[in-house]
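Single-letter residue listing:
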Amino acid sequence: MQPFTTLTGVAAPLPQVNVDTDMIIPKQYLKTIERTGLGKGLFDEMRYDEEGNERPDFVLNQPAYRNAEVLVAGENFGCGSSREHAPWALLDFGIRCVIAPSFADIFFNNCFKNGILPIVLPQEQVDIVMEDARRGANARVTVDLEAQTITTSDGTVISFEVEPFRKHCLLNGLDDIGLSLQKAAAIDAFEAQAATARPWV
Amino acid sequence: MPAKTLYDKIWDAHLVHEAEDGTALLYIDRHLVHEVTSPQAFEGLRMAGRKVRAPERTIAVPDHNVPTSADRAQGIENPESRLQVETLDRNAREFGLMHYYEMNDIRQGIVHIVGPEQGWTLPGMTVVCGDSHTATHGAFGALAHGIGTSEVEHVLATQTLITRKSKNMKVEVTGTLPPGVTAKDITLSVIGATGTAGGTGHVIEYCGEAIRSLSMEGRMTVCNMAIEGGARAGLIAPDEKTFAYVMGRPHAPKGAQWEAALAWWKTLFSDEGAHFDKVVTLRAEDIAPVVTWGTSPEDVLPITGTVPDPDSFSGGKVEAARRSLDYMGLTPGTRLQDVAIDTVFIGSCTNGRIEDLREVARIMEGRRVKDGLRAMIVPGSGLVRAQAEEEGIAQKLQEAGFEWRMAGCSMCLGMNPDQLKPGERCASTSNRNFEGRQGRGGRTHLMSPAMAAAAAITGRLTDVRELA
């Protein structure tokens, strides 16, 4: 996993609530057996019309936001399915940070496994970043994970919370499985104890 | 000893390790696997030279991509779908999975129907699957939730999950359900009351007289949609109905092991005075047969209602409702019962079990699907299908005008050929009414099997109580 340390880039405003995983990446893209290449399907139905042409009014189709690396969205972002294709599509498009007032649990979790930082802020603070994002390509924000701060284009600094373990893994690009396999003895011991306590399982 | 919730008890029984910051390693008793969210996980193991730690606890079945036409035994036409199913076949073989139900096995079906049916799901277990509707298994008093593909790989490699404890939420439904009101109406009404983020960060325990009165099938319907309310998992404490359902299933414990299991299962309830961080109470008497009008499962109204005005909402929901109505092709003030439909879909992990099909057959008794409608029934598993045929339900439903399909996820999400066309309006027993969910431009109204049957008869959204 690619580490996440600091990021300075264009933020795209998507002020919509309940953006679900079917919107982020619809079903026809789930047939892949790869993790990569899903960027083209990101927000498919919002981004393209029935003939596959870009809808010019959609934010990521506008010249200022084509290279956006941060997405600012409404509450309950990523609700719906467990598909990790959603963060894979964001990542493949180039987005490495999503800022919203709230996220659905599974999506939130999936982001951290892929080097994407989801940031929860109170609505008033999301509004500040959203307003800044509306200024377009000249309004670049900086996200500093180590310092846990977002700096908007006019220098406003907003702090955010992140769980220490997740921060550690993201900063260092750590592989969860490797970490858990270091606890193999504890897993073995648990299995032995469970085999006695609940042999039917 | 402090009073514990049911969730606390299952959590404690599976905790391998907990760090000071609350990051926990939880042991997983059952790992269910399907073809859509697993290929990248197996590939990850292969690249790292890792094995599946517990192939005996891993149960795999293809369900999302499988066609539901009778000719599927000849193979899957769509090359991408075929590759995904073949990839699962290959991974099951290569990694030595001990329980694989391939597409043409009679036991194949939707993973969340197969698990309980085969006795894999038992009270007090931890169950995960790369699928958000894993919440279904909570009906047995098992801690069950969806995970992403990276976590699928983690569970395959370690049989554990890195996680944190959620908060406890209690959803109590008191009293007795009025006639015509079913488990689906309960679960949709809860989401209507709490919103799609109402359960975020929580595990819900459903309780109360109305929940206790439900069959195991009904309880699975309720827990299935916990995720639509934002909760990763829903739970119902096991009772005699649970034990009766589990007993004798192929992988349920037998003999002395059954007795030992039963003794433990009977301790699985929330203690008197246990702490819940959030409590929601609904009166069964206040619940009506409901349908959804929008593109979020929280957009729920009694069938006697009218399409709402977006301006009646507040905050971001105003714009969201406007967008929903535009997508759904509905005008505020329209009576829901005047909305004509084109298609009826009965099936999915929410409502594809035998009891659901019996209910549809009961409503259809002496009645027919309205001419010109497309109406399909997709049993949740090959065994549900076989049982419906044995009970004579299948034949009656076909005579009434329904297509009788093979088992799979089908039009719930349209990864196989069963999809809505743009603008096509569907009365659906599935779980999500998201834009494009059942097919690009397709319009979904969620409802119970009884309500979907009523809509099939009249060709419009219909109050089933008028037909009863």
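Scroll up to find the structure this text is about.
## So, the packing of helix α2 (residues 39-48) of chain B against helix α5 (residues 149-158) of chain B
All names here are of chain B. α5 packs onto α2 with a crossing angle of 50° between their chain directions and a minimal axis gap of 8 Å. Considering their axes alone, α2 and α5 lie oblique with respect to each other. The interaxial crossing formed by α2 with α5 has right-handed handedness. Here Gln 40, Ala 41, Phe 42, Gly 44 and Leu 45 of α2 come into contact with α5, specifically with Thr 149, Val 152, Glu 153, Leu 156 and Ala 157.

## Focus on unusual backbone geometry
Not every positive phi belongs to a glycine, and Gln 148 of chain A is a case in point at roughly 55°. Here Gln 148 of chain A lies in the loop between β5 (140-144) and β6 (149-151). Judged by its relative accessible area of 17%, Gln 148 of chain A falls in the buried class. In this structure, Ser 410 of chain B is a non-glycine residue whose phi angle is positive, near 55°. Along the chain, the position of Ser 410 of chain B falls in the loop between β17 (403-404) and β18 (425-428). Ser 410 of chain B sits in the buried class, given a relative accessible area of 0%.

## Examining the sheet that holds strand β8 (residues 160-163) of chain B
Hydrogen bonds along the backbone pair up the strands of a sheet, which may run parallel or antiparallel. All names here are of chain B. Spatial ordering of the open sheet is given by β1-β2-β8, a layout of 3 strands whose pairing is antiparallel. Looking at strand neighbours, the two that pair on one side only are β1 (15-18) and β8, the edges of this open sheet. Between one strand axis and the next, the sheet turns through 20° on average, direction left out of account. Two strands pair when backbone bridges link them, and β1 and strand β2 (residues 24-27) are joined in this way by 3 bridges, in the antiparallel orientation. Paired with Leu 15 across the strands is Leu 26, a residue of β2.

## Quick word on the interface of chain A and chain B
Of the residues lining the interface, 55 residues belong to chain A; the matching set on chain B comes to 77 residues. Both sides of the chain A and chain B interface together cover about 5,300 Å² of buried area, and 57% of this is carbon and sulfur. On the chain A side of the contact with chain B, Lys 27, Lys 31 and Trp 200 of chain A bury the most area, a combined 16% of that side's loss. Applying the counting criterion to the chain A and chain B interface returns 8 salt bridges. Between Asp 175 of chain A and Arg 50 of chain B there is a salt bridge, with its nearest N and O atoms 3.5 Å apart. For the side of chain A that touches chain B, the secondary structure elements donating two or more residues are α1 (21-24), α2 (44-47), α3 (85-93), α4 (105-112), α6 (164-172), α7 (176-181) and α8 (184-197) of chain A. Tallied by class, the residues present in the side of chain A that touches chain B amount to 20 nonpolar, 13 polar and 22 charged.

## So, the sheet that holds strand β4 (residues 117-120) of chain A
Residues and elements named next belong to chain A. If you trace the 7 strands from one edge of the open sheet to the other, you get β4-β3-β2-β1-β5-β6-β7, paired in mixed fashion. If you trace the sheet from one side to the other, it starts and ends with β4 and β7 (157-159), each paired once. Pairs of neighbouring strands in the sheet enclose a mean axial angle of 25°, with direction left out of account. When strand β1 (residues 6-14) meets strand β2 (residues 70-73), the two strands line up parallel, connected through 4 bridges. Directly across from Ala 11, in β2, lies its bridge partner Val 70. The strands touched by helix α5 (residues 123-133) within the sheet are β1, β2, β3 (97-100), β5 and β7, with β2 carrying the most contacts at an inclination of about 125°.

## Comments concerning the nonpolar core
Ranked by size, the top nonpolar core spans 110 residues in total, and within it Phe 43, Phe 77, Leu 90, Ile 99 and Leu 117 of chain A together with Val 344 and Phe 402 of chain B carry the most contacts. Here the element with the most residues in this core is helix α16 (residues 449-458) of chain B; it accounts for 8 residues. Not counting residues up to four positions away in its chain, the partners in contact with Ile 99 of chain A are Val 70, Leu 71, Val 72, Ala 73, Ile 119, Leu 121, Val 126, Val 129 and Ile 150 of chain A. Core analysis: the next-biggest nonpolar cluster, separate from the first, contains 62 residues, Cys 223, Ala 231, Ala 237 and Phe 243 of chain B among them.

## Here's the deal with helix α13 (residues 354-364) of chain B
Among the residues making up α13 of chain B, those that are buried are Ile 354, Asp 356, Leu 357, Val 360, Ala 361, Ile 363 and Met 364 of chain B. Just downstream of α13 of chain B lies Gly 366 of chain B, where phi reads positive at about 75°.

Conventions adopted
Residues numbered from 1 in each chain as written. Chains lettered and ligands numbered in written order. Predicted model: local features only at pLDDT ≥ 70, side-chain atom pairs only at ≥ 80, totals over all residues. Heavy atoms only, no water. Axes fitted to C-alpha atoms, helices over the stretch in contact; angles between N-to-C directions. Helix = DSSP H or I, 4+ residues; strand = E, 2+ residues; numbered from the N terminus. Parallel < 35°, antiparallel > 145°, perpendicular 65-115°, else oblique. Left-handed = near helix turned anticlockwise from the far one by under 90°. Contact = heavy atoms within 4.5 Å. Buried < 20%, exposed > 50% of the residue type's maximum accessible area, 1.4 Å probe, protein only. Pairing = 2+ DSSP bridges. Buried area = accessible area lost by both parts, 1.4 Å probe. Salt bridge = Lys/Arg side-chain N within 4 Å of Asp/Glu carboxyl O. Nonpolar A, V, L, I, M, F, W, Y, C, P; charged D, E, K, R; others polar. Core = buried A, V, L, I, M, F, W, Y, C linked by side-chain atoms within 4.5 Å.

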